[in-house]
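# Coordinate inspection notes
Letter by letter, the chains look like this.
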Amino acid sequence: MAARQQPRGTGLEVQYKDFVPKSDWKDQPEAIIFTIDLPGFTKEQIKVMYVHASTMIRVTGERPLAGRKWSRFNKVFNVPQNCLANKIHGSFNNNTLTITMPKETITKMPNLPETSKTMADKVEKLEEKRLLEESTRKDKEAEAEKKKKLLEEKEGVLRKLQEEAKAKEMAEANKLQEEAIAKEKAEARRVQEEAKAKEMVEARRLQEEVIAKEKAEARRLQEEAKAKEMVEARRLQEEVVAKEKAEARRLQEEAKAKEMAEARRLQEAAIANEKLLEEAALEKKIQDRKSMDEFVRKEELKEKLSYSVLEENKTGKGIMEKIRGREITSEEKKLMMNVGVSAFVIFALGAYVSYRPE
């Protein structure tokens, strides 16, 4: 019956729970019966081994529990000397292991009839010989028992040392396994922390890249907006400059046109002045001629006026006399009006001629 061996080098933590089974020892005439209660174990999980050097039987077994836990036991007992080692056998039924160790049987010699003294002597000698042999055998057995006890003590010490060594080995293995598990956990924690740090660095890098892209995009948009503003400002400035230039050109052209118009006007005025001077000179000549003519006419008019006045005086006197006598007719009234008007005109012409500048 093979027991499960712990896998080595797998890196899996296996925890063993030691199990001390109940056992019973029954000494019967034909054999010694040794029973062990093993609840939960199967036949394949139990191993029975007979050690010839120490005449011992070792019973071991392992069975899995929940998770990585295992239950195990190790039972050792000595085989009595009166048992036949080659006839030891076992069985496993109802969670109970039964080991049967048959005993040696001693054949007794039958009682011989006393037929003769010689036979009795022979039997006695044989008995003495048997007793001597038995005594020798007992001494040898005692010596062998003594040696066996010494060997058992040595084996016990050796077994104790082996168990201690095994316990130390198991403790060392558990320690190494715990250290390996701790190292694995530390390595896993370190790897996890490194992965987390890498993730944080990567997240920070991505965030910085996003921020840099956003800043670059904002800077680009700002530069584009600034460029557009500058272009728009330059365009508006150019439009204003163009408008100012156009306005200045228009004002300059208007001023030039005004200057030209003014120059033309002045030229025309100069020409007109020259014409006026010429006309004035001509007019003066004409006036001089007219003055001469007027003077002549005045002289003539004076003569006529003097004559007319004389006549009018005469007529006026006659009229005045008629008025006083109230004998004036309508025709005479008209004549008086014409005389008055004529006198006024003559007076005005005289005043004009007298005060007219030469």
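Each value, and the rule that gives it
- Residues numbered from 1 in each chain as written.
- Predicted model: local features only at pLDDT ≥ 70, side-chain atom pairs only at ≥ 80, totals over all residues.
- Heavy atoms only, no water.
- Helix = DSSP H or I, 4+ residues; strand = E, 2+ residues; numbered from the N terminus.
- Buried < 20%, exposed > 50% of the residue type's maximum accessible area, 1.4 Å probe, protein only.
- Contact = heavy atoms within 4.5 Å.
- Areas by Shrake-Rupley, 256 points an atom, 1.4 Å probe, with all protein chains shown as cover.
- Salt bridge = Lys/Arg side-chain N within 4 Å of Asp/Glu carboxyl O.
- pLDDT = per-residue confidence, 0-100.
- Pairing = 2+ DSSP bridges.
- Axes fitted to C-alpha atoms, helices over the stretch in contact; angles between N-to-C directions.

Within an unreviewed UniProt entry, the label attached to the protein reads SHSP domain-containing protein, and the organism entered is Brassica campestris.

Moving on, we get to the overall build of the protein. Counting its regular elements, the protein contains 2 helices and 8 strands. Listed by position from the N terminus, the elements making up the protein come as β-β-β-β-β-β-β-β-α-α. Counting every position in the protein, which comprises 358 residues, the buried fraction comes to 13%. Within the protein, contacts between residues separated by at least 24 positions form 52% of all contacts whose residues are at least 6 apart in sequence. Only carbon and sulfur atoms are counted for the fraction: they give 57% of the accessible area of the protein, which is about 29200 Å².

The next subject is the pattern of salt bridges. In this structure the tally under the stated criterion is 13 salt bridges. Between Glu247 and Arg250 there is a salt bridge, and its shortest N-O distance comes to 2.1 Å. Here the residue Glu247 and the residue Arg250 both occupy positions in helix H1 (residues 117–325), the gap between them amounting to 3 residues, near one helical turn. Given the relative accessible area of 34%, Arg250 is considered partly exposed. Glu262 is paired through a salt bridge with Arg265; the nearest N and O atoms lie 2.0 Å apart. Taken together, the positions of Glu262 and Arg265, both in helix H1 and 3 residues apart, correspond to about one turn of that helix. Judged by relative accessible area, Glu262 falls into the partly exposed class, the value being 33%.

Before going further, it helps to spend a moment on the confidence of the model for the protein. Confidence in the prediction for the protein averages 77 pLDDT; 73% of positions are at 70 or higher. Here residues 1–5 scores under 50 on pLDDT; set against residues more than four positions off or in separate chains, the count is 13 contacts. Throughout residues 112–116 the model reports pLDDT below 50, and contacts reaching past four residues in sequence, or to other chains, amount to 1 contact.

Right, let's talk about the environment of Ala85 for a bit. One can find Ala85 in the loop between strand E6 (69–78) and strand E7 (89–93). When the C-alpha positions of Ala85 and Ile57 are compared, they lie 10.0 Å apart, and in sequence the two are 28 residues distant.

Moving on: the sheet that holds strand E2 (residues 23–27). Read from one edge to the other, the open sheet built from 4 strands follows the order E2-E3-E8-E7, with strand pairing classed as antiparallel. The open sheet has two free edges, formed respectively by E2 and E7, since each of these has just one partner strand. Strand after strand, the sheet turns through a mean of 15 degrees between neighbouring axes, direction not considered. When E2 meets strand E3 (residues 31–37), the two strands line up antiparallel, connected through 5 bridges. Opposite Ser23, over in E3, you have Ile36 as the bridge partner.

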